[in-house]
Amino acid sequence: MFKNLHELLLKMPTEKDCRDYLIQQRWNGKPVCPYCGFDSKTYVIEGGKRFKCGSKECGKKYSVTVGTIFESSQIPLTKWLNACYVVTAHKKGISSHQLGRDLGVTQRSAWFMIHRIREMMKNVSDVLLQGAIEVDETYMARKYKSDYVGLSPEEVDYAQKSPYKSKGAVVGIKERSGDIRVFAFDDRKQAPIKQAIYNNVMEGSRIMTDEAFLYRTGLEKYQHSAVFHSKHEWVRNDVHTNGVENFWGVMKRAINGTWHQISYKHLQAYCNECSYRYNTREMKDCDRFTLSLNNMERRLTWVGLTKKD
Ligand SMILES: [Zn+2]
């Protein structure tokens, strides 16, 4: 249908074109009531802008964006589809400042748009990874402002002692020749990190890590091998974590080159974005765009995004 952003913009220059495209993508052309799931009778109203559910019990009116990441947005769909394409295609992401300028919307609107697009990029598969699995951790996104405002002297001392304490912990779990899943944690506490491994890796698989204390116990249901980075050992036979380390390189380049700084609060969302693009890196940009729209039926509200923990 289209092979690049230029063709997308040519194919869908109007709101009606974008609406029709979403109706096709979401419902295969046949509207389904997002309130009750009824689809055997639907009335087209307001010149095709909205629909009315044909169920006697329901009878609600809805548009194609109800129940999707686009719901209740004042931004035109033409700009939305443009944003979805750019965010899913750009290898190192795009900043909200840049997207705002590119689309002619405020930085605040662009920031909210990108976060909603990240919702589509979230992995929700619970299929267990298996075979040769690499597990590795790193630290990113400062938890505290640089002047440590509001912290007690003990807390400042604690935070300054090591990056492990002042940044979020991020763990990557990767099938050697398959997908990576990335999880953000407050710090490197063993229990939640082990739980993420149990939840994502099939028992009996081979797990390869470095020698960090995190992995010294609790992996008995796997065949566990470690390389000793402290002894300058990076690869021993086929034991290494180079796949995950390669991913950290890509993600850190996005942070340094594009976002400059990422918020600790939204660290998981940045992990979702980077791992989604990494796992679909062999795909054409237009196919990745279409694939991400398969997940449009997710919601993220401003209140949900900005609420205090
Ligand atoms: Zn209904």
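Criteria and thresholds
- Per chain, the residues get numbers from 1 upward, laid out in the order the sequence is written.
- Local features are withheld for residues below a pLDDT of 70 in this predicted model, meaning they are given only at 70 or higher, and side-chain atom pairs are given and counted only at 80 or more; totals for whole chains, interfaces and linings count all residues.
- Numbering of helices and strands runs from the N terminus, with a helix taken as a DSSP run of H or I at least four residues long and a strand as a DSSP run of E at least two residues long.
- For the exposure call, what matters is how many other C-beta atoms sit within 10 Å of a residue's own: 20 or more marks it buried, 12 or fewer exposed, and in between partly exposed, using C-beta atoms placed from the backbone.
- Any two residues are considered in contact once their C-beta atoms, placed from the backbone, lie within 7 Å.
- Only C-alpha atoms enter the line fits that serve as axes; for helices the fit covers just the stretch in contact. Angles between N-to-C directions range over 0 to 180 degrees.
- The labels follow the angle: roughly parallel below 35 degrees, roughly antiparallel above 145, roughly perpendicular from 65 to 115, and oblique for the rest.
- Handedness of each helix crossing follows the sense of rotation of the near helix against the far helix: counterclockwise by less than a right angle gives left-handed, clockwise gives right-handed.
- Where each domain begins and ends is defined by an automated method or by a domain database.
- Residues are grouped as follows: Ala, Val, Leu, Ile, Met, Phe, Trp, Tyr, Cys and Pro are nonpolar; Asp, Glu, Lys and Arg are charged; every other residue, Gly included, is polar.
- Strands pair, by our definition, only if DSSP identifies at least two bridges between them.

Here's the deal with the overall build of the protein chain
So, point 1. Secondary structure summary: the protein chain contains 12 helices and eight strands in total.
So, point 2. Judged by the C-alpha coordinates and their principal axes, the protein chain covers about 70 × 45 × 40 Å.
So, point 3. For the protein chain, the residues scored as buried account for 30% of the 309 residues in total.
So, point 4. A separation threshold of at least 6 residues defines the contact pool for the protein chain, and within that pool the share at least 24 residues apart is 60%.

Quick look at the packing of helix 3 (residues 77–89) against helix 11 (residues 285–293)
So, point 1. The geometry of helix 3 relative to helix 11 is characterised by a closest axis approach of 9 Å and an angle of 115° between their N-to-C directions. By the criterion of interaxial angle, the relationship of helix 3 to helix 11 is roughly perpendicular. Of the two elements, helix 3 crosses helix 11, and the hand of that crossing is right-handed. Every residue of helix 11 that contacts helix 3 at Cys84, Tyr85, Thr88 and Ala89 is listed here: Asp285, Arg288, Phe289, Ser292 and Leu293.

A short note on the domain arrangement of the protein chain
So, point 1. When cut into domains, the protein chain gives domain 1 (5–123 + 297–306) and domain 2 (132–262).
So, point 2. Once you take the C-alpha centre of each, domain 1 and domain 2 turn out to be 35 Å apart.
So, point 3. Across the boundary between the two partners, domain 1 contributes five residues, which contact six residues of domain 2.
So, point 4. Residues that form the side of domain 1 that touches domain 2 fall into these classes: one nonpolar, three polar and one charged.

Things to note about the pairing of strand 5 (residues 167–175)
So, point 1. When you tally the buried positions in strand 5, you get seven out of nine residues, the bulk of the element.
So, point 2. Alignment of strand 4 (residues 132–142) against strand 5, held across nine bridges, turns out to be antiparallel. When the bridges of strand 5 are listed, glutamate 134 appears paired with lysine 174.
So, point 3. With six bridges connecting them, strand 5 and strand 6 (residues 180–185) associate as antiparallel partners. Counted as the bridge partner of glycine 172 is valine 182 from strand 6.
So, point 4. The hairpin turn running from strand 5 into strand 6, its antiparallel successor, is four residues long.

Description of the sheet that holds strand 2 (residues 50–53)
What links the strands of a sheet is backbone hydrogen bonding, and the strands pair in either a parallel or an antiparallel sense.
So, point 1. One open sheet holds the three strands; their spatial order is 1-2-3, and the pairing between them is antiparallel. Here the strands that pair on one side only, and so sit at the sheet edges, are strand 1 (42–45) and strand 3 (61–62).
So, point 2. Pairing of strand 1 with strand 2 involves four bridges; the strand directions are antiparallel. Among the inter-strand pairings, isoleucine 45 is bridged to a residue of strand 2, identified as arginine 50.

A closer look at the packing of helix 3 against helix 5 (residues 107–120)
So, point 1. For the pair helix 3 and helix 5, interaxial distance at closest approach is 10 Å and the crossing angle is 65°. In terms of axis orientation, helix 3 runs roughly perpendicular to helix 5. The element helix 3 and its partner helix 5 pack so that their crossing is right-handed. For the pair formed by helix 3 and helix 5, the contact residues are Ala83, Cys84 and Val87 on the first element and Met113, Ile114 and Ile117 on the second.

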